Amino acid sequence: MAVETIAPDWEFDRFDDGSQKIHTEVQLKNYSKFLEEYTSQLKGIEEALDDSIGDVWDFTLDPIALKLLPYEQTSLLELIKTDNKVLNKVITVYAALCGEVKKLKYEAETKFYNGLLFYGEGVCETSVLEGESQIQMGRFISFLQELSCFVSRCYEVVVSIIHQLAALYNSSKGATKIIESSGVHFQVVYEHLGELLVVLMTLDEIMENHATLKDHWKMYKRLLKSVHHNPGKFSIPEEKLKPFEKLLLKLEGQLLDGMIVQACVEQRFDDPAEGVAVSKNSSFAEEFAFNIRSIFTSVESKIGEPSEIDQRDKYAAVCGLFVLHFHIFRSVDKKLYKALLDICKKVPAVTLIANIIWFPDAFLTVKVPAAAKLMDKKNLQTIKAQRDTYLQQRAQTLTKDVQSYYVFVTSWMMKMESVLSKENKSDKLAEDLNSRCNVFVQGILYAYSISTIIKTTMNMYMSMQRPMTKTSVKALCRLVELLKAVEHTFHRRSMVVADSVSLITLQLQSQALNAISNAKKRVISDKKYSEQRLDVLSSLVLAENALSGPSTKERRLVVSLALCVGTQLKTFKDEELLPLQVVLKKLDLISELCERVRLQCDCSFLYWHRAVFPIYLDDVYDNAVDAARMHYMFSALRDSVPCMLYAKHLESCDQLLGCFDKEIMGVFNEHLLDKLCKEIEKDLRLSVHTHLKLDDRNPFKVGMKDLAHFFSVKPIRFFNRFIHIKAYVTHYLDKTFYNLTTVALHDWATYSEMRNLATQRYGLTMTEAHLPSQTLEQGLDVLEIMRNIHVFVSRYLYNLNNQIFVEKASNNKHLNTINIRHVANSIRTHGTGIMNTTVNFTYQFLRKKFYIFSQFMYDEHIKSRLIKDIRFFREIKDQSDHKYPFERAEKFNRGIRKLGLTPDGQSYLDQFRQLISQIGNAMGYVRMIRSGGLHCCSSAIRFVPDLEDIVNFEELVKEEGLSEETQRSARVLDSVLSDLTSNSAEGTEYFKKLVAVFAPEFRSAKNMHLRNFYMIVPPLTVNFVEHSISCKEKLNKKNKTGAAFTDDGFAMGVAYILKLLDQYLEFDSLHWFQAVRDKYRKELSAVAKEQTAQSAGQDEKLLQTMNLTQKRLDVYLQEFELLYFSLSSARIFFRADQTAAEETQEKKDEAGKVGMSPEGSTPAESSSK
């Protein structure tokens, strides 16, 4: 409160302690700091969004675009304000009507044309269900209703325009003059009226050419008939059907019968109630005819010329106006009619929209029959024949046109770049803007000419059903590319164009204002007063006011309407009027530059000509050099997407879009991507296999195509996806190489080479397959052997010492072998898990074989002989020094032969020997699996420096405090290392397991017949030695069928079975091999004695016989010795030094020491060779 009590005069003398200044400085500092931070943030965002902030925009990537169309926010009433109230009203009425026409035209072009054109599209031909067409029409009825309302509205606007014009040009004597209209020609209004008539003509043409719509309409009417007969079934009340049928009849009469234009021009234009006379109004008739002629004159001079810009549309409008004039006033200007038809020789057809083409001669002859009767029929036929001539000429000149436009457009693009990249100098600004304006206009002119050539040619071929040559198709596609190139050029420099457009419009407005102010001065200087002069002055003031604001379409319309009044009484000199008209035309173009470019470069019509796309792609593929041009074609195809959004006959327009997307992508894949993938793959294969000389690859003979160009093409945008050719081909090759490597792992090196070549030659970044690779000498795969173990053991022979399997016989010139290295490679390929599976398969196989083994041993013939032999040995063992007599074994071998032979001459003992060999081979295979596993583990662990002292990686990682993922990976590494060390140290005792699993059964009481097995071993060895010697002898013969040098499977089999039966001691008690040695040594010494005795007698023949006998005995002895060694080696695997009882005791002792149950794991007890 103290502050308030201080006297006012004190306020100035208050003590300033400087605190306010400090506060201010602090706030300023904070604010500048905030600004600095904000600026750096903005810079960061800018850098993150783009590497190079340039003013070059990309058509396919830009998320935003600039709209330059100025928008008028002032109403027409406010725009049109002068002191001349009557003139205000006249201009306002016409401006409002013209604005209404523009709106209707826009609505037709976007909504109604597209809705009608796309009717029936987006349904796959194959899957059209019964009733689908009626459902589509059902959805479409509401659209047709809207169209009906639209057409009615158009009729009203036409009548209104006619009435308003007739009121201005009234010839009746009693009528009041609104303004002096003798020198006033509102040509603009007639042009707008013509545009509206063209809209109705287009609707007629669309209906006329739409066969699908008509078919569906008929089906829908039939459906309605059946509903009418049975309304209860469809649950529709009858009272609702009648009005609906009436509506359908109305729609059909108004829209589908091709009478839209006819109904418009045949309307009753005279309205006595309103006091408007039209048909009898001679001055209006003259004014109407005058305007038609003046519009036609401006069209005729430009149509078909390079500077043509919208003359074709105006020509269609003139024809519409001519027909309207004829129907209102019933008079024909034959001269004008002939002139209109003569244009057909230059322009045989006009594209109204998309694929709808309009033939003026046909239209004029149908709609103005009175004039057609007066015309020479020959003349009309000549015009029709002219169409064919036009197409023939076009086909011949297309290639030339493409070349010339190529030069024009590329040079224009260069001009655009150079003009837009120039710095604006203040002293030369006007000159710069002028050159920019000219370049922009030139771009639009080129776009118009190219667009006209493409549309007219394609649509005429389609309409007249003439075949198009491939050359023509390629040329037209090139033109499409050029058209999109023009659009892209404008878009690329959007920033500069936007900047230029506003400046150019200002410059043009000032030029127009200068011309108008000169004319105004002239009018003001003339002191004679008249209403006409006042109208002129008011209109000039109005034009000036309108030009002083932004260049919106409303203001430009007001200017042109005002100048229709303002140009009478020679206010402008001829040399002034023409430049003013040019300036205003330029102003129109530049103000709507982006819209005009978009309109002229719109290629949505390509949807109806998409049959050319495959041919285009084939051409791109054949000429790979300029593959980047595909961007333009896809951009053109994308143009039809906005139009499709107006389709009303499907549940959702997404269905139509999806269908189009699928079709285009299908064609693109078939005609380019898949061909490219196959070609690249073929090239890589042939390059890798050049040594095979598969075909002639001389580029001078067969030509050469550099497909690498496709991989430099940027991703192409289409719908909501990007097509990246490089990524697609890379993925295809990766997938193919991966799949083929999995099928044939031994080809990994070839595919690896092809991957490297793809990177070198085409710059493709290939993915490594990371499949386990196989060596080139992989041999048979473990998996294959495992699946067919029964075939393997019968076709391969085992060698115990070298641990290899050799094929028995082969159709090739070489035999396959399998050794530890092959098995190790297989295990590396498939993983160590396969080892247990293999042993499991072997167990299944052994079970089957042991069943046959048991049956043989149970056979009465065999069992009785064996029991007899056992009894015999017991009786004579004391006399024979505990050795089993060789003769007895030989006798058994021969005796079995008497029981019978197989067709290929084998005895039962031969077959039994083979069975034991197969069992032994299976055991040899298991041994090799174990050795291979150890081999694989040792090669995997060779990088571990010290197996005794392996560090714990998990602990180390935890100490360093690394992330959870790193700790997890360290844990995995530790477990892998511990697995490898335990595996490499021990290996699994598979033999022990295979003995343990079968031994109890073999030794059980129910299999007592197997106990005789040890007694059959001697005859088996005799049989084996005979067989082995015969196989080895065959090695030296020419026919090597049945030749072999090793078969240790037999020894393995015998050792294994003896172990299962726990009969090593029983077999050893026979001292069989000792008996064999004694027998052969005895015979050898006898032969040696005889040789010494006979050497004195000098009987050579006898000596030879004895030498042979000695050799034979040596061979037999050697074979028996080899068998003995093999059997002894094999017995080591099965712990032949221990009986079953000793083994059991050992297990108990160990369990007692460790304090474990007898099932506890035992350390490795034997090492594999």
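Residues numbered from 1 in each chain as written. Predicted model: local features only at pLDDT ≥ 70, side-chain atom pairs only at ≥ 80, totals over all residues. Heavy atoms only, no water.

Chemist: Tell me about the confidence of the model for the protein chain, residues and numbers included.
Modeler: In regions of low pLDDT, the predicted coordinates are not meant to be interpreted in detail. With 93% of its residues at a pLDDT of 70 or more, the protein chain shows a mean pLDDT of 87. Note that pLDDT drops below 50 for residues 1-8; the model gives that stretch zero contacts with residues more than four away or on any other chain. Confidence over residues 1156-1169 falls short of pLDDT 50; this stretch has 23 contacts with residues more than four positions distant or in other chains. (pLDDT = per-residue confidence, 0-100. Contact = heavy atoms within 4.5 Å.)

Chemist: Tell me about the domain arrangement of the protein chain, and please be specific about residues and values.
Modeler: Think of interface size as the accessible area that goes away when the parts come together; that is how it is often given. Looking at the protein chain, the domain boundaries give domain 1 (19-49), domain 2 (605-762) and domain 3 (782-1137). Computed from C-alpha atoms alone, the centre-to-centre distance between domain 1 and domain 3 is 91 Å. (Domains from an automatic or database assignment.)

Chemist: Describe the packing of helix α36 (residues 908-940) against helix α40 (residues 1013-1034), listing the residues and the values that go with them.
Modeler: At a minimum axis separation of 10 Å, α36 and α40 run at an interaxial angle of 95°. When the axis of α36 is compared with that of α40, the two are roughly perpendicular. Contacts between α36 and α40 involve Leu909, Asp910, Phe912, Arg913 and Ile916 from the former and Phe1013, Ile1016, Pro1019, Leu1020, Asn1023, Phe1024 and His1027 from the latter. Looking at the contact of α36 with α40 residue by residue, the classes come out as eight nonpolar, two polar and two charged. (Axes fitted to C-alpha atoms, helices over the stretch in contact; angles between N-to-C directions. Helix = DSSP H or I, 4+ residues; strand = E, 2+ residues; numbered from the N terminus. Parallel < 35°, antiparallel > 145°, perpendicular 65-115°, else oblique. Nonpolar A, V, L, I, M, F, W, Y, C, P; charged D, E, K, R; others polar.)

Chemist: Pulling in residues and values, what's your account of helix α23 (residues 612-622)?
Modeler: With eight of eleven residues buried, α23 lies mostly within the body of the structure. Residues of α23 that are buried: Val612, Phe613, Pro614, Tyr616, Leu617, Asp619, Val620 and Tyr621. Looking at the packing, one finds that the buried side of α23 touches α16 (429-463), α17 (470-492), α24 (630-638) and α26 (653-688). (Buried < 20%, exposed > 50% of the residue type's maximum accessible area, 1.4 Å probe, protein only.)

Chemist: Go over the sheet that holds strand β6 (residues 804-807), please, and point to the residues and values.
Modeler: One open sheet holds the three strands; their spatial order is β5-β6-β7, and the pairing between them is antiparallel. In this open sheet, the two strands that pair with only one neighbour each are β5 (796-799) and β7 (817-818). Taken together, the two bridges between β6 and β7 define a ladder with antiparallel strand orientation. Across the sheet, the residue bridging to valine 806 is threonine 817, located in β7. With respect to the sheet, α36 is in contact with β5, β6 and β7, its orientation differing from that of β6 by roughly 130°. (Pairing = 2+ DSSP bridges.)

Chemist: Any details on unusual backbone geometry? Residues and values, ideally.
Modeler: Phi angles above zero are rare outside glycine, and alanine 354 is one such case at about 45°. Structurally, alanine 354 can be placed in the loop between β1 (350-353) and β2 (356-358). For alanine 354, a relative accessible area of 14% puts it in the buried group. Of note, the phi angle at histidine 1071 is positive, near 45°, even though the residue is not glycine. Residue histidine 1071 is classed as partly exposed on the basis of its relative accessible area of 38%.

Chemist: Give a description of the pattern of salt bridges that names residues and reports values.
Modeler: Applying the stated criterion across every chain yields a total of 49 salt bridges. A salt bridge links glutamate 100 to arginine 153; the shortest N-O distance between them is 2.9 Å. Note that glutamate 100 is positioned in helix α4 (residues 85-117) and arginine 153 in helix α5 (residues 132-168), a separation of 53 residues in sequence. A relative accessible area of 35% places arginine 153 in the partly exposed class. In this structure, the salt-bridge partner of glutamate 146 is lysine 111, at a minimum N-O distance of 2.2 Å. Linking glutamate 146 in helix α5 with lysine 111 in helix α4, this pair joins segments that are 35 residues apart in sequence. Exposure remark for lysine 111: the relative accessible area of 21% places this residue in the partly exposed category. (Salt bridge = Lys/Arg side-chain N within 4 Å of Asp/Glu carboxyl O.)

Chemist: Residue-level account of the side chain of threonine 730, with values.
Modeler: Its location among the elements puts threonine 730 in helix α28 (residues 725-743). On the accessibility criterion, threonine 730 (8% relative accessible area) is buried. Dropping the residues within four chain positions of it, threonine 730 is found in contact with Leu764, Thr765 and Met766.

Chemist: I'd like to hear about the side chain of histidine 1009, residue by residue, with values.
Modeler: Position of histidine 1009 relative to the elements: it lies in the loop between α39 (990-1002) and α40. In this structure the side chain of histidine 1009 is engaged in a polar contact, spanning 3.0 Å, whose partner is the side chain of serine 854. Look past the residues within four positions of histidine 1009 in its chain and what remains in contact with it is Ser854, Met857, Tyr858 and Lys863. (Polar contact = N/O pair within 3.5 Å; in protein donor to acceptor, adjacent residues only side chain to side chain.)

Chemist: Account for the nonpolar core, with residues named and values stated.
Modeler: Counting 237 residues, the largest nonpolar core has Phe186, Phe288, Met630, Phe668, Phe710 and Ile725 as the members making the most contacts within it. Per element, the largest residue contribution to this core is 18 residues, and it comes from α5. Residue contacts for methionine 630: discarding those within four places in its chain leaves Tyr616, Leu617, Val620, Phe668, Leu672, Phe710, Ile716 and Ile725. Core analysis: the second largest hydrophobic core is formed by 93 residues, Phe845, Tyr884, Ile896 and Leu1127 among them. (Core = buried A, V, L, I, M, F, W, Y, C linked by side-chain atoms within 4.5 Å.)

Chemist: Help me get a handle on the packing of aromatic side chains, residues and values and all.
Modeler: According to the stated counting rule, one finds 60 aromatic pairs in the structure shown. With 5.9 Å between their ring centres and 10° between their planes, phenylalanine 34 and tyrosine 38 make a pair best called stacked. One end of the pair, phenylalanine 34, and the other, tyrosine 38, are both in helix α2 (residues 19-49), four residues apart, so they sit about a helical turn from each other. The exposure class assigned to phenylalanine 34 is partly exposed, which follows from its relative accessible area of 46%. Tyrosine 38 sits in the partly exposed class, given a relative accessible area of 43%. (Phe/Tyr/Trp six-rings, centres within 6.5 Å; stacked < 30°, edge-to-face > 60°.)

Chemist: Requested: an account of the packing of α17 against α24, with residues and values cited.
Modeler: Direction vectors running N to C along α17 and α24 enclose 85°, while the axes themselves pass 8 Å from each other. On the basis of the axis angle, α17 is roughly perpendicular to α24. Only Tyr632, Met633, Ser635 and Ala636 of α24 make contact with α17, whose side of the interface consists of Cys477, Val480, Glu481, Lys484, Ala485 and His488. Each residue belonging to the contact of α17 with α24 can be placed in one class, and the counts come to six nonpolar, two polar and two charged.

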